[in-house]
Structure formats: C-alpha cells, structure tokens
Amino acid sequence: MQTIPTNTSDALIVGGGHNGLVAACYLARAGFSVTVLERYKDVGGAAFSEEIEGAPGHIASTGSYVLSLAPQKVIQELDLLNNGVEMIRRNPRSFAPFMDGEDGVVFWEEMEDTCREIARFSPKDARAYPVYDAMVERACEIMDQFILRNPPSFAEFAAAFDRPGDDRVFKFMVLGAAADSAEHYFESDIMQAASCALGLIGTFRGPRDAGTGYVKLYHAMGMSTGKRGAWAYLRGAMGSFSQALKRVALGLGVDIRTGKEVAQICTIGGRATGAVTTDGEEFHSRVVLSNADPQRTYLKLVDPQELPDEFVRDIEDIQITSPVMKINIATDRLPEYRALAKRDYGLGQTGGVHIGPSIDYLQRAYEDARQGRPSDWPFFSIHAQSAVDRSLAPGDKHTISIFTQFFPYDLAEGTWDERRDEIAKHALARFAHFAPNMADAEITAQVLAPPDVEARFGLTGGHIFQGELVPEQAFDMRPVPGSQSYQGPVHGLYLCGSGAWPGGCVMGAPGHNAAHEAIGRLKQGEYR
C-alpha cells in the first residue's frame, strides 16, 4: 500500500520503539490513519541492531538482547514470523558458575535434564526444583490473565490467588524478596542465587529487598517461544523484531517519520491535538499515544498547566533510576568458563550465562551501587549470540552482549565521562575471573552506562523498563496510583510504552493494550 505523507492523522505515535510500533499496527489494522514520529535515524528504540563502532561486521543488540515476554497473540496477529522474526531456541537455556570456578549448574529445556544436573551437587535441591518451578508456574498462570487488558487493581489481582496454597505463592512471588523463596526451597548457594537472578534484571534492588519476588515473576512468565521461560535469540539481533513491526506497519499504510524528535505534545482545552517536533513541524491528530516514559511524557512534553498538581507529584515520585551498564563487545573468541573446563565449554556459550554465585554476592553488588560506587564484583547476564548466529560477526570472530549490574546513575566519586572506561575495564576483568581466556582477548567495546542509555534511547534515568517493575509500580499503580486507563488526565493522550501496565522488556503488551483502548474510544466517536 502506498502511503501519502500528511501531517494530519487519526492517531499520532510519539516514539518508534517496539511498543509504539505495535500500537501503530493495531490502530492501522482497525482502519485508522497513523503517523509515527521517531527521534533516531530508524525505529526500534532499545530493540535495535547496529554495528559496533570500530569493529566492521560485528552486529550487536544495542540495548535489549533476547526475546522473552512478547505474547504469542501479538506475534501471531501481526504475522511477525512471516515478516522477519526468526527465533533461535537455546538449549541449554543458561549456565551459572560457582565463585571458585570449579563447577556450575546448567539449566536445560527439559525439567528431567535440569534436575539431573542439580543432583550432581545437591540431591535435596534437585528434588525441590520441580516444586519450586510449580510454585512459579502457578504465579505465571495468574499473571497471564491480566497481561493483555487494562490495568487491574491490586485487589483484583490478589483475589485471583484463590486456590489452596496460593497464599504462599502470593507471599513469595508478589510481596516478598527473591531471596525469600530461594532460601525456602534450596540449600546450595548457587541454586539460591540462580533462582534470584531474574528478580534483579534491570532493578535497583538487591535480592533481599521486598518486591524482587515480583520482578522474578514478571521475567519468568514469558512464552514468546510458546514454552514458558524459554527465551530466544532473534536472527540478526533484536533489531529484527522492530524491523518486522516496521514492515507490517508500512504495509498497513502507517506513515513513519524518522529523525523527528517531539518537542511538545499539543493540547487545547485539556485535550491532546497533536505534536510539534524540535524542527518546528506540526502534526495534528485525534489521539496521541506516547511511547516515551511517563516522566518524559508528562514533565517535558506536556504543558504542566494541563496536569493536576497531585498527578505531577506522583509522576515525579516514580522510581526510575537505572542500575544497568550494557557492554557490547566485538572479540576474537568465545568465553571459556573455568567451571566447564572438565566438561564442555559449549555449555556456557550458546545460551545465557548468569554470574552471581550467591545471594550475599548479589546483595553486596547492590549495596555498592546504593552507596554510589560501581559494583566491585558485579552481577552479569552474558549472551554470546554469535555462537549460534553467524550473521553477527565476520569470519571466526564473535559479538557478545554483557548486561551488568549494579552501577549507579550518579557516581559518588567522579563522573561517568571521567570513569566510563575504567569502570568498564574493571567489570570485564571480573568477567575474566570466571572466563580466564577473555583476559587477553582482542576486544572492541561499546559501553553504555546509565546516562548513556538515557541519552541513546531517551529513557529517563537510563531505566530500561521506564520505571522499576516492583509491586508498588505495577497494576493500576503503573505509572501512578489510580491508572485504570492508559489515558491520563489529558483527554486523548495515552501512554503506550513500558512505563504503562504491564511494563518492560521487548513485549508489546502496553502498545497492544493502549491501542485497543484508543480504538474503542475512537469507534465510539469520543474524539471528533
């Protein structure tokens, strides 16, 4: 379908990240004209593939690095598998080394294989693992009911835990710390720590802090591959997801404008009417959907006179400070973990690797950052996708994603511009403690500290989820208390990004939900 550019449309999307594109596709499928304004040179936001500077042929997932939470409904309805999304399943799923480097635990696709692996060092933990997994699965089944809909109240969500034994599930997976359930079920340090890992991803809390149980639940519920918890690489890196959405959107007649940064969302009489870009171009629409985070949307793009004082205070109170440093490296080798020297190095190369050998190790990493210091011994989530996707590196070279915590946005000593290289080198040296062959590897690194993530992707505080994914910022409290709709106090202005329910990761649910609410209101003639 040929698109005729115009600055007037039914719906205007601010930001061409994956949620914005999902929203654009659904609106266009419903028969509405849609324009997307994206500040960067191409769409995708943090789901972006690009060459590492100074390393020709090395393609990295700049921000996000795996597909885990995108609902099957979104993938199928938008026909993404026929538009460039090719999933690469991972078996083993992940590997976690011990601190002394003498051993580690491999997590496989099949429960029997994982239990056999755990039994090598703890028969008790091997028996406990299926019980623990069933408890997590029960919480995931409840979450499934609420993902593709408007935000539930906390009371409504809590009421769904209505079977015998659900009180324990609710305690561990919603209210408690990730460490609570880990220590309840497991005896070994490595199983306790591995069980906490998903409760820390992107979160500025330690494993002993309340709310990290819910973060664990959020990350555990994904079924993008059709199987719970089975994360996947995307061939060509994560930008292929965004490019597939772009292809679908263009086919539906969506007008995508890149290099167009929005300076202001326009309003008349309390209603959103369009936007003005930084170069002065005006766009008009019946509704506006913002893929920008809540603070950027309401504190920078909207006239504060349009907002109630209490709403502004609630937006200002959002916890949105990032603990994440992302290091993408082009290198001449794959990591060889000491813990696999007597087994098979490949067990730590084709899936994810989580480095954080004990709860105390993880808590210390967090406490360092809470005091304004970079973690001395960081938590790592490492993904060497080029081991299974040769499109990401030339010849026998490799491209590796290192997602690491905890690193404060504001350093107690010095600035990130002064210390970025030093801090990244220290983190890579700690990585080499577990994979010694990386100590003398040829490395070209792209380093994104929290302020760099903010600058590159427009994410306030550098927060990859547009705000912490903790219980007090979930349900109808995301982004602020009383958020039963994706439309806030400005009529016709919706949040469609990760800062809205259900939250972050490459998911598309906020875009899906916001679009469906807007579609319903547009069809009712609410915005004439």
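Residues numbered from 1 in each chain as written. Predicted model: local features only at pLDDT ≥ 70, side-chain atom pairs only at ≥ 80, totals over all residues. Heavy atoms only, no water.

Undergrad: Whenever I open this one, the overall build of the protein chain confuses me. Can you help?
TA: When helices and strands are counted, the protein chain shows 16 helices and 18 strands. Against the globule reference of 24 Å for 528 residues, the protein chain gives a C-alpha radius of gyration of 22 Å, in line with a compact fold. With respect to the principal axes defined by its C-alpha atoms, the protein chain has extents near 70 × 55 × 50 Å. Going through the 528 residues of the protein chain one by one, you find that 63% of them count as buried. Considering only contacts in the protein chain between residues 6 or more positions apart, those separated by 24 or more positions represent 73%. Here the protein chain contributes 50 positively and 68 negatively charged side chains, and the mean placements of these two sets differ by 4 Å. (Helix = DSSP H or I, 4+ residues; strand = E, 2+ residues; numbered from the N terminus. Rg over C-alpha atoms; globule rule 2.2 N^0.38 Å. Buried < 20%, exposed > 50% of the residue type's maximum accessible area, 1.4 Å probe, protein only. Contact = heavy atoms within 4.5 Å. Lys, Arg positive; Asp, Glu negative; His and termini not counted. Charge placed at Lys NZ, Arg CZ, Asp CG, Glu CD.)

Undergrad: Which parts of the structure should I look at to understand the environment of Glu-38?
TA: Here Glu-38 is to be found in strand β2 (residues 34-38). Sequence spacing of Glu-38 and Asn-291 is 253 residues, and the spatial spacing of their C-alpha atoms is 9.8 Å. Setting aside residues no more than four positions away along its own chain, Glu-38 makes contact with Gly-15, Gly-16, Gly-17, Val-43, Arg-257, Thr-258, Gly-259 and Lys-260. A polar contact is formed between the side chain of Glu-38 and the backbone nitrogen of Tyr-40, at a distance of 2.8 Å. (Polar contact = N/O pair within 3.5 Å; in protein donor to acceptor, adjacent residues only side chain to side chain.)

Undergrad: So what exactly am I meant to see when it comes to the environment of Val-453 here?
TA: Inspection of the secondary structure assignment puts Val-453 in helix α15 (residues 450-457). Judged by its relative accessible area of 5%, Val-453 falls in the buried class. When the C-alpha positions of Val-453 and Ser-322 are compared, they lie 9.0 Å apart, and in sequence the two are 131 residues distant. Beyond its immediate stretch of four places on either side in the chain, Val-453 contacts Leu-448, Gly-458, Leu-459 and Gly-462.

Undergrad: What should I look at first to understand the packing of helix α1 (residues 18-29) against helix α10 (residues 239-251) in this one?
TA: Each packed pair of helices is defined by two parameters, the angle between the axes and the distance between the axes. Relative orientation of the contacting elements α1 and α10 amounts to 25°, with a least axis distance of 9 Å. By the angle class used here, α1 and α10 are roughly parallel. As for how α1 packs across α10, the hand of that crossing is left-handed. Here His-18, Leu-21, Val-22 and Cys-25 of α1 come into contact with α10, specifically with Phe-241, Ser-242, Leu-245, Lys-246, Val-248 and Ala-249. (Axes fitted to C-alpha atoms, helices over the stretch in contact; angles between N-to-C directions. Parallel < 35°, antiparallel > 145°, perpendicular 65-115°, else oblique. Left-handed = near helix turned anticlockwise from the far one by under 90°.)

Undergrad: I keep staring at the pattern of salt bridges and nothing clicks. Help me out?
TA: Side-chain pairs of opposite charge can arise whenever the charged atoms involved come near each other. Under the defined criterion, the tally for this structure stands at 37 salt bridges. A salt bridge links Glu-367 to Arg-370; the shortest N-O distance between them is 2.9 Å. Separated by three residues within a single helix, Glu-367 and Arg-370 lie in helix α13 (residues 359-370), roughly one turn from each other. Given a relative accessible area of 26%, Glu-367 falls into the partly exposed group. Each of Arg-89, Arg-93, Glu-109, Glu-110 and Lys-227 takes part in salt bridges that share partners, so that together they form one network. (Salt bridge = Lys/Arg side-chain N within 4 Å of Asp/Glu carboxyl O.)

Undergrad: I keep staring at the pairing of strand β1 (residues 8-14) and nothing clicks. Help me out?
TA: Put simply, side chains in a regular strand alternate between the two faces of the sheet. Across the seven residues of β1, six count as buried, placing the element largely inside the fold. Examined bridge by bridge, β1 and strand β12 (residues 282-290) share six bridges and lie parallel to one another. In the strand pairing of β12, Val-14 is matched with Ser-290. Between the parallel pair β1 and β2, the chain is carried across by α1, and the sense of this crossover is right-handed. (Pairing = 2+ DSSP bridges. Right-handed = clockwise from strand over helix to strand, strands pointing away.)

Undergrad: Looking at this model, I keep getting lost on unusual backbone geometry. Mind explaining?
TA: If a residue is not glycine, its phi is most likely negative; likewise, a peptide bond is most likely trans. Each neighbour pair has its own omega, and for Gln-405 with Phe-406 the value is 10°, a cis peptide bond. Tracing the sequence through the fold places Phe-406 in the loop between β16 (398-405) and α14 (416-434). Along the chain, Arg-478 connects to Pro-479 via a cis peptide bond; the corresponding omega equals 10°. Within the element layout of this structure, Pro-479 appears in the loop between α15 and β18 (493-495). Positive phi is not limited to glycine here, since Asp-79 has a value of about 55°. Mapped onto the fold, Asp-79 is located in the loop between α2 (72-77) and β5 (87-89). Of note in the backbone geometry, Phe-475 takes a positive phi value of approximately 60° without being a glycine.

Undergrad: Explain the side chain of Ser-358 here, please?
TA: Position of Ser-358 among the secondary structure elements: in the loop between β14 (352-355) and α13. Take Ser-358: its relative accessible area is 15%, and that puts it in the buried class. Excluding residues within four positions of it along the chain, Ser-358 makes contact with Asp-189 and Ala-193.

Undergrad: Where do I start with the pairing of β2 in this structure?
TA: Along β2, five of the five residues are buried, which leaves the element largely enclosed by surrounding structure. Alternating positions in β2 separate into two faces, Val-34, Val-36 and Glu-38 on one and Thr-35 and Leu-37 on the other, with burial throughout. One ladder, built from four bridges, connects β1 with β2; its direction is parallel. Its bridge partner lying in β2, Ile-13 is registered against Val-36. Two elements, β2 and strand β9 (residues 255-258), share four bridges in a ladder whose sense is parallel. Each bridged residue has a counterpart across the sheet, and for Val-36 the counterpart in β9 is Ile-256.

Undergrad: Whenever I open this one, empty space enclosed by the protein confuses me. Can you help?
TA: Using a probe with the size of a water molecule, rolled over the atoms, empty space left in the structure can be pinpointed. In the structure shown here, the tally under the stated rule is three cavities of 30 Å³ or more. Volume-wise, the largest cavity comes out at about 80 Å³. Lining the largest cavity are Ile-59, Ala-60, Ser-61, Tyr-65, Tyr-233, Asn-328, His-383, Gln-385, Leu-392, Thr-399, Ile-400 and Ser-401. Among the secondary structure elements, those contributing two or more residues to the lining of the largest cavity are β4 (59-61) and β16. What the second largest cavity holds in volume is close to 50 Å³. Around the second largest cavity, the lining residues are Ala-96, Ile-190, Ala-193, Ala-194, Ala-197, His-354, Ile-355, Gly-356, Leu-362 and Phe-379. (1 Å grid on protein atoms, 1.4 Å probe; cavity = no way out; pocket = protein on both sides within 12 Å on 5 of 7 lines; lining within 4 Å. Points joined across faces, edges and corners; volume = space filled by probe spheres on them.)

Undergrad: Any chance you could explain the nonpolar core here in plain terms?
TA: A general tendency of soluble globular proteins is for nonpolar side chains to be buried together. Leu-27, Leu-289, Tyr-337 and Phe-431 are the most contacted members of the largest nonpolar core, which totals 166 residues. With ten residues, helix α4 (residues 123-144) is the largest single contributor of residues to this core. Non-local contacts of Leu-27, meaning those with residues more than four positions away in its chain, are made with Ala-11, Ile-13, Phe-32, Val-34, Leu-289, Ala-515, Ala-518, Ile-519 and Leu-522. (Core = buried A, V, L, I, M, F, W, Y, C linked by side-chain atoms within 4.5 Å.)

Undergrad: I keep staring at the state of the cysteines and nothing clicks. Help me out?
TA: Put plainly, two cysteines are in a disulfide when a covalent bond ties their sulfur atoms together. Evaluation of the coordinates by the stated rule reveals zero disulfides. Cysteine Cys-25 shares no disulfide, and the gap to the nearest cysteine sulfur, in Cys-496, comes to 12 Å. With no disulfide of its own, Cys-196 lies closest to Cys-140 among cysteine sulfurs, the gap being 16 Å. (Disulfide = S-S within 2.5 Å.)

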